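Chain and residue survey
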Amino acid sequence: MKRSNAARLVKMLEEVSQPGGPQYQNYPTYEEMGELVRPSAENTAVVKKWLAKHGVTDVQDHPHGDYFRFSATAGQLEAMAGGKFSTYVHTTGRILHRITSGVHVDQEVAAAIDTFTGFHTFPFMPAVAVAAPPGPVKTCSPYLPPCYVTPALLREVYNITNVTKSGKTNVQGMVQMGGSSIETSQLKSFCSVYAPTTVCTVEKYIGYNNDADPVQESMLDSEYISTVSNQSLYVYSAGVNVPFCSGLLDLAANVTSESVHPYTVTINYGWPALAGLCDNASQTRFEQDVIKMSNMGVTVIASSGAQGSGFDVNQGILNPSYPATLPHVLSVGGTRLTHGTYGLEQGSTAFLSGGGFSWNNSVPSYQASAVAAYLSSVTLPTAPFAANGRGTPDISALGEDYTVRIWGYQDFSTTGTSASADAVAGMIALLNEACLGVGGKTLGFVNPLFYLNPDKFRDVTVGSNAIENQGWNATKGWDAVTGLGSPNFDQLLKVVVSECEKVAKRNN
């Protein structure tokens, strides 16, 4: 549904996410958000009449009125969308039915909605979109540090200190797509070995999860988001055949459908294709959804992908991965340590960490000076790129050789920016806990805070994501390989506590 006050939401987010500003963290209540975005009565009536006209009766109305979710027969959908279903067979033998001739609705209905989706694009194949295949964990010499990344190593590398529990609600969220699932017992087993004092609980599954068929991506995400943060987890799942872009919209609708919702949401699925991934209407609506979630104190995190500069995906045009390119998402790239588990941090080499400049989103004000400084200081690629586009990633973290427990309680190693984003999500949840503990609120859209404090990140100056010499190199300051660098958690914690104490003082 077309929301009311969309422009006002953008302005509000600028105010509530500006550290030191008079409205910093002054988020509307759940009820106030509903009143702000609720579609007009006229538009709601138009859409309900349209649904009834086509015999649709199984309709779920979002509490804020800005989404309708319904089930319909193929015949009903063909009549509503003005198209015909065709049958598509994947090389794996998987069969899907889709309307790919576009969506055509009455003008009155078109004026009342942003998008009508769920049946005309395709899911990711395979389920794991940004992580490398797992390999067995090797035995290391007892005289060397552990061979692979563990929760304990992340705490050591990033100076992650304990944060006193605030006693307030601080839930995290993660996304599953393409049939990816978690096996709860494997998650608990991982935690008992690698982080026995942490909370490793999936408090709620929203949507599909097959406990008997775990997938590497979801096991990685749940194991590291949980163990780094020591907070409980909501898991939002799109079904096996749900199109990628519809899954993103479904995620946003589900996150905002309850007053108790997660304050970090991690999306580890994406792709750098310029065409064929999401239609423009769905991309625009999801950006609006991210703005809404951010105004509710939610930090939306997206891994920057493992396709480097995107040169080979887009026939010689450079383009970073979506949805990490959205300006109100925290985009996270991947790094490694020069000696595996110790040494200097540099850009990943086991994969090419995604980064570059978006063709669809202009550079936001919070990073404009950083992007300009970078582009004026490096040798630019000869391949076309969006010189005025939003730059990714924003920050980075270790992304190679994470220990993951899956398939018969065995340990494997996995690599990708998914791992990096999981580590960052856990750290932000800890920062949220600290902020809540001193009387502030959750951090929400953190990008302005981070870009105002680049010295609280470890600058990573070695690395590249170039494909056939077309791409980007790491350098001093922000760059399109590792962003601002990796978090120095204890230093970030001091900044967050200081800002949140100001919020508490203002509100008392």
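Residues numbered from 1 in each chain as written. Predicted model: local features only at pLDDT ≥ 70, side-chain atom pairs only at ≥ 80, totals over all residues. Heavy atoms only, no water.

1. Brief notes about the packing of aromatic side chains
The criterion, for reference: Classification of ring pairs uses Phe, Tyr and Trp, with its six-membered ring standing for Trp, and accepts pairs whose centres are within 6.5 Å; under 30 degrees between planes counts as stacked, over 60 as edge-to-face, and the remaining range as tilted. Secondary structure elements are taken from DSSP: a helix is a run of H or I of four residues or more, a strand is a run of E of two residues or more, and numbering for both begins at the N terminus. Only protein chains enter the accessibility calculation, which uses a 1.4 Å probe; a residue is then buried when its area is under 20% of its type maximum, exposed when over 50%, and partly exposed in between. By definition here, charges over rings are those cases where NZ of Lys or CZ of Arg is within 6 Å of the ring centre and within 35 degrees of the ring normal.
This model, assessed by the stated rule, comprises 17 aromatic pairs. Ring centres of Tyr366 and Phe445 lie 5.6 Å apart, and the angle between their planes is 75°; this geometry places the pair in the edge-to-face category. Here Tyr366, found in the loop between strand S13 (356-362) and helix H11 (368-375), pairs with Phe445, found in the loop between helix H12 (417-437) and helix H13 (447-451); they are 79 residues apart in sequence, far enough to count as distant. Just as Tyr366 is buried, Phe445 falls in that class too. Members of the aromatic cluster, connected to one another through ring pairs, are Phe357, Tyr374, Phe385, Trp472 and Trp478. The ring of Phe122 has Arg98 lying over it, and the distance from NZ or CZ to the ring centre is 5.9 Å.

2. With respect to the nonpolar core
Note the cut-off: Put simply, buried Ala, Val, Leu, Ile, Met, Phe, Trp, Tyr and Cys residues joined by side-chain atoms within 4.5 Å make one nonpolar core. We call two residues in contact when some of their heavy atoms are within 4.5 Å.
Phe286 and Phe357 are the most contacted members of the largest nonpolar core, which totals 118 residues. Leave out the neighbours within four places in its chain, and Phe286 touches Leu248, Leu249, Ala252, Ile267, Met293, Tyr322, Pro323 and Leu326.

3. So, the packing of helix H8 (residues 216-229) against H12
How we decide: An axis is simply a line fitted to the C-alpha atoms; with a helix, the fit covers only the stretch in contact. Between two such axes, the angle follows the N-to-C directions and lies from 0 to 180 degrees. Working rule for angles: under 35 degrees goes down as roughly parallel, over 145 as roughly antiparallel, 65 to 115 as roughly perpendicular, anything else as oblique. Here is the rule for handedness: rotate from the far helix to the near one, and if that takes an anticlockwise turn smaller than a right angle the crossing is left-handed, while a clockwise turn gives right-handed. When residue character is reported, Ala, Val, Leu, Ile, Met, Phe, Trp, Tyr, Cys and Pro are called nonpolar, Asp, Glu, Lys and Arg charged, and the others, Gly included, polar.
Remark: H8 packs on H12, axes separated minimally by 8 Å, with the N-to-C direction vectors making an angle of 30°. In terms of their interaxial angle, H8 and H12 are classed as roughly parallel. Crossing geometry of H8 relative to H12 is assigned as right-handed. Contacts from Glu217, Leu220, Asp221, Tyr224, Ile225, Val228 and Ser229 in H8 reach Ser418, Ala419, Asp422, Ala423, Ala425, Gly426, Met427, Ala429 and Leu430 in H12. Split into classes, the residues belonging to the contact of H8 with H12 amount to ten nonpolar, three polar and three charged.

4. Considering the confidence of the model for the chain
As a reminder, the rule being used: pLDDT is a per-residue confidence score from the predictor, ranging from 0 to 100.
Here the chain shows a mean pLDDT of 92. Residues at 70 or above account for 95%. With pLDDT under 50 throughout, residues 126-145 is counted as low confidence; its partners more than four residues away or in other chains account for 52 contacts.

5. Observations concerning helix H7 (residues 184-194)
Regarding H7, the residues found buried are Gln186, Leu187, Ser189, Phe190 and Cys191. Structurally, H7 contributes buried residues whose contacts are with helix H6 (151-157), strand S7 (202-207), H8 and strand S16 (402-406).

6. A closer look at unusual backbone geometry
A negative phi holds for most residues other than glycine; trans holds for most peptide bonds. Residue Pro323 is bonded to the preceding Tyr322 through a cis peptide linkage, with omega at 10°. With respect to the helices and strands, Pro323 occurs in the loop between strand S10 (299-303) and strand S11 (330-337). Along the chain, Thr392 connects to Pro393 via a cis peptide bond; the corresponding omega equals 0°. Looking at where Pro393 falls in the secondary structure, it is placed in the loop between strand S14 (389-392) and strand S15 (395-398). Not every positive phi belongs to a glycine, and Gln25 is a case in point at roughly 65°.

7. A look at the side chain of Asn295
On the secondary structure map, Asn295 appears in helix H10 (residues 280-295). Other than its neighbours up to four places away in sequence, Asn295 contacts Leu9, Met12, Leu13, Val16, Tyr27, Pro28 and Met33.

8. Concerning the pattern of salt bridges
Side chains carrying opposite charge are able to pair once their charged atoms draw close together. Our working definition: We define a salt bridge as a side-chain nitrogen of Lys or Arg found within 4 Å of a carboxyl oxygen belonging to Asp or Glu.
Applying the stated criterion across every chain yields a total of 17 salt bridges. The salt bridge partner of Lys456 is Asp455, with a shortest N-O separation of 2.7 Å. Its relative accessible area of 14% is what places Lys456 among the buried residues. Where Glu499 meets Lys502, a salt bridge forms, and the shortest distance between an N and an O atom there is 3.7 Å. Taken together, the residues span about one helical turn, with Glu499 and Lys502 both in helix H14 (residues 489-507) at a distance of three residues. With a relative accessible area of 13%, Glu499 lands in the buried category. When salt bridges with common partners are traced through the structure, they connect Lys2, Arg3, Asp66, Asp114, Arg285, Asp289 and Lys292 into a single cluster.

9. Description of the state of the cysteines
What counts is decided by this rule: In what follows, a disulfide is any cysteine sulfur pair within 2.5 Å.
Using the criterion set out here, one finds three disulfides in the structure. Here Cys191 pairs with Cys200 through a disulfide, and the sulfurs are 1.8 Å apart. The disulfide joining Cys191 to Cys200 has a torsion of about -90° about its S-S bond and is therefore left-handed. For the pair shown, Cys191 and Cys200 are each scored as buried. A sulfur-sulfur separation of 1.9 Å characterises the disulfide bridge that pairs Cys435 with Cys500. Because the sign of the S-S torsion sets the handedness, a value of about -100° for the bond joining Cys435 and Cys500 places this disulfide among the left-handed ones.

10. Points about the environment of Thr461
Within the element layout of this structure, Thr461 appears in the loop between strand S18 (457-458) and strand S19 (486-487). A sequence separation of 16 residues divides Thr461 from Gly477, and the C-alpha atoms of the two residues are 7.8 Å apart. Non-local contacts of Thr461, meaning those with residues more than four positions away in its chain, are made with Ala474, Thr475 and Lys476.

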